[in-house]
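In case you want the letters, here they are:
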Amino acid sequence: MDKIKDLRWRLFLLFSITFVSIFILTVSSPRRNRSIPNPRRAKSTCPLHVSDQTITPLKDTKHLLVSAFMDQRVQGFDIRIIGLFRIDSIQPLHCCFCCAGFLSITTPVNILQHPEIFGFPFVTTDVMCPIPENCNTTHVTLLTQPESGIALKQIWLPIRNRKRSENEEEKLQFNFTVCISSLFGDYNNVLQVAQTLEMYRLLGVGRVVIYNTSCGPELERLLQIYSQDGFLEIVPWPIHQHLNPSKGWLFSEHGGDVHYFGQLATLNECIYRSMERSRYVLLNDIDEIAMPYQHDNLMSLMNMLQEQHPNTGVFLIKNYIFPKKHFEPSGRFHLPQWNGLPGINIMEHIYSEDPRKNVYHPHKMIVQPRLVEQTSVHEVIKHMGESFKVPQEICRLIHVRTALQGALTVEQLNVDKRLWDFHEKLVPNVDKALKRAGLLNSEGQG
């Protein structure tokens, strides 16, 4: 009898200890009040279909997706998807994530239209998504219904800029990246492109990114040489396969589906593409060179400007037109090896227009990409920090093109030979690139 009582007492004591232990663990464990549940295992691993294109149609919509980036600078959101959305068909969407092989539940999105539309049916758009708790995400897709089961049939976008560290400045691969929006219309200005790229290399640029819709065969050969070197990143931009892109900036004058071959989407994509690898990003066109006039390279210029303006993330560079119809009279740089090459020889054009007073003159920009959320062509739309207009005597754009003030004579223009200061390295470097591309023969003739 005593043994039975003793056994009952031991069982009661064990039960009591177990109950108290469970109660203590339950009370002491932290509770999470997040509204986004944990991901769940999918019947099949994800993602099944990953986009390898730079423009991806979004299923069951009229929208196009470009790229997805980790961006946790906006409170409550983790992912920014850049796209081109048809304005009259924007509907509620839902994000679904691939969490290291597991499918998440869907999360709500915030759709942000960029303000500059210029009357076109399609607008550059940011889709902002929160990531579910405990999801080590690698890919994302958008759904028209809040049911994650259909996500396996969707095309997924890889998420860029996923790795972040506290020592962000130490891991930046480049000091300077140049972003050049779309080449189109079988653009074949070979000589000017070679001179521009080599000039940027001399100025300390580490990477040039070009969005290519179409270019001529000679320029294609040249671009491939720079791509093989790692200096140039060519991003295919087949916007014409999805939309009717406009060759102008205003719908009422030029028609089409989207502004200037989707220029706003490419510039924003390039900023985010460069955000984790470049200290500064220069946004301009292929026929423009941001030229420092008191420094030998762009980084020395920016070190001075940043020291003087430490809270500035956007630096506006004034545009100076060098009319291509006026030539330097001595012919010093009318070099025989460049005869017959397609394109403009910018070394021959030394006369610049004075910007007219009381007339709007658009700038181009050097930005710190990590301080920019949204950009337009000539100004940043959303950014942190201040903007600063760089004085023209410190830096300006050399822009060789059709005259803006066509009635001006040579005598009314300014002589500017700044490019000539680099001729000892620039000319042989251009020749070397052209020879490698097979555009100059062994005797150096084009």
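Further up the page is the structure itself.
Here's a quick rundown of the structure. Model, not experiment: these values are computed from the prediction. Every chain is numbered independently, its residues counted from 1 as its sequence is written. Local features in a predicted model are, by the rule used here, given only for residues with pLDDT of at least 70; side-chain atom pairs are given and counted only at 80 or more, and totals for whole chains, interfaces and linings are based on all residues. Working from all heavy atoms in the structure, the side-chain values ignore hydrogens and water.

## Things to note about the overall build of the protein chain
(1) Moving on: The number of helices and strands found in the protein chain is seven helices and 23 strands.
(2) Moving on: Buried means the residue's accessible area, taken with a 1.4 Å probe over protein chains only, is under 20% of the maximum for its type, while exposed means over 50%, and partly exposed covers the values in between. Expressed as a percentage of the 446 residues in the protein chain, the buried residues total 53%.
(3) Moving on: We call two residues in contact when some of their heavy atoms are within 4.5 Å. Across the protein chain, the fraction of contacts at a sequence separation of at least 24, relative to all contacts at a separation of at least 6, is 77%.
(4) Moving on: Surface accessibility of the protein chain: about 21,500 Å² in total, with carbon and sulfur atoms responsible for 52%. Only DSSP runs of H or I with at least four residues qualify as helices, and only runs of E with at least two residues qualify as strands; both kinds are numbered from the N terminus onward. Computed with a 1.4 Å probe, the accessible areas rest on the Shrake-Rupley method; for each residue, only the protein chains presented here act as cover.

## Some thoughts on the pattern of salt bridges
(1) Moving on: Here, a salt bridge means any Lys or Arg side-chain nitrogen found within 4 Å of an Asp or Glu carboxyl oxygen. Throughout the structure, instances matching the rule amount to 16 salt bridges.
(2) Moving on: Here Arg80 ties to Asp126 by a salt bridge, and the two come within 2.8 Å at their closest N and O atoms. With Arg80 in strand E3 (residues 79–86) and Asp126 in strand E8 (residues 122–129), this pair connects stretches of sequence that are 46 residues apart. Assigned by exposure class, Arg80 and Asp126 land together as buried.
(3) Moving on: In this structure, Asp229 and Arg436 form a salt bridge, with 2.9 Å as the shortest nitrogen-oxygen distance. A residue pair is termed long-range when its members are at least 10 positions apart, and Asp229 in helix H3 (residues 217–229) and Arg436 in helix H7 (residues 423–436) qualify at 207 residues.

## Digging into the packing of aromatic side chains
(1) Moving on: Pairing of aromatic rings covers Phe, Tyr and the six-membered ring of Trp, with a centre-to-centre limit of 6.5 Å; geometry is then stacked below 30 degrees between planes, edge-to-face above 60, and tilted otherwise. Summed over the entire model, instances satisfying the criterion amount to nine aromatic pairs.
(2) Moving on: Ring centres of Phe184 and Tyr260 lie 5.6 Å apart, and the angle between their planes is 85°; this geometry places the pair in the edge-to-face category. Taken together, the residues span a long stretch of sequence, with Phe184 in the loop between strand E11 (174–183) and helix H2 (190–202) and Tyr260 in the loop between helix H4 (251–254) and helix H5 (263–274) at a distance of 76 residues.
(3) Moving on: With relative accessibility at 19%, the residue Phe184 sits in the buried group.
(4) Moving on: Judged by relative accessible area, Tyr260 falls into the partly exposed class, the value being 30%.
(5) Moving on: These aromatic residues form a ring-pair network of at least three members: Phe184, Tyr260 and Phe261.
(6) Moving on: Charge-over-ring placement is defined geometrically: NZ (Lys) or CZ (Arg) within 6 Å of the ring centre, and within 35 degrees of the ring normal. Positioned above the aromatic ring of Tyr293, the side-chain terminus of Arg396 is 4.5 Å from the ring centre.
(7) Moving on: In this arrangement the basic side chain of Arg396 is found over the ring face of Tyr320, its NZ or CZ atom lying 4.6 Å from the centre.

## A word on helix H6 (residues 298–308)
(1) Moving on: Every buried residue belonging to H6 is among Leu298, Met299, Leu301, Met302, Leu305 and Gln306, and all of these are buried. Summarising the axial view, the buried residues of H6 lie within an arc of 150°, below the 170-degree limit, and thus occupy one face.
(2) Moving on: By the criterion applied in these results, polar contacts are pairs of N or O atoms within 3.5 Å in which, for protein atoms, one can donate a hydrogen and the other can accept it, and in which residues neighboring in sequence qualify only through two side-chain atoms. With a side-chain oxygen lying 3.2 Å from the backbone nitrogen of Met299, the N-terminal cap of H6 falls on Asn297. Along the arc lie the directions from the helix axis toward the C-beta atoms.

## Considerations on the environment of His63
(1) Moving on: Take His63: it is sitting in the loop between strand E1 (56–57) and strand E2 (64–70).
(2) Moving on: Once the C-alpha coordinates of His63 and Thr125 are considered, the two residues, 62 residues apart in sequence, prove to be 9.8 Å apart.
(3) Moving on: Setting aside residues no more than four positions away along its own chain, His63 makes contact with Thr56, Pro57, Leu58, Leu84, Phe85, Arg86, Ser89, Ile90 and Gln91.
(4) Moving on: Only 3.2 Å separates the side chain of His63 from the backbone nitrogen of Arg86, close enough to count as a polar contact.
(5) Moving on: Separated by 3.3 Å, the side chains of His63 and Gln91 make a polar contact.

## Side note on the layout of surface pockets
(1) Moving on: Taken as a whole, the largest pocket holds about 1,200 Å³ of empty space.
(2) Moving on: Using a grid of 1 Å spacing that covers the protein atoms alone, one calls a set of points a cavity when a 1.4 Å probe fits there but cannot get out, and a pocket when the set is open and has protein on both sides within 12 Å along at least five of seven lines; lining residues are those with an atom within 4 Å of a point. What lines the largest pocket is a set of 43 residues, and nearest its centre among them are Tyr260, Asp285, Lys364, His399 and Arg401.
(3) Moving on: Contributions of two or more residues to the lining of the largest pocket are made by E11, strand E16 (312–323), strand E18 (363–367) and strand E22 (395–401).
(4) Moving on: The biggest single contributor to the lining of the largest pocket is E11, with four residues.
(5) Moving on: Of the residues assigned to the lining of the largest pocket, the class counts are 17 nonpolar, 15 polar and 11 charged. Grid points are joined across faces, edges and corners, and a volume is the space filled by probe spheres set on the points. Note on residue categories: nonpolar means Ala, Val, Leu, Ile, Met, Phe, Trp, Tyr, Cys or Pro, charged means Asp, Glu, Lys or Arg, and polar means any other residue, Gly included.

## Some words on empty space enclosed by the protein
(1) Moving on: A full pass over the atoms with the stated rule returns two cavities of 30 Å³ or more.
(2) Moving on: Surrounding the largest cavity, 13 residues form its lining, Phe122, Thr124, Val258, His259 and Leu264 being those nearest its centre.
(3) Moving on: If you list the elements that add at least two residues to the lining of the largest cavity, you get E8 and H5.
(4) Moving on: Across the lining of the largest cavity, the residue classes break down as eight nonpolar, four polar and one charged.
(5) Moving on: There is about 40 Å³ of room inside the second largest cavity.
(6) Moving on: Lining the second largest cavity are Phe322, His349, Ile350, Ile398, Asp416, Lys417, Arg418, Leu419 and Trp420.
(7) Moving on: A class-by-class count of the residues in the lining of the second largest cavity yields five nonpolar, one polar and three charged.

These results come straight from atomic positions and should not be treated as a statement about function.
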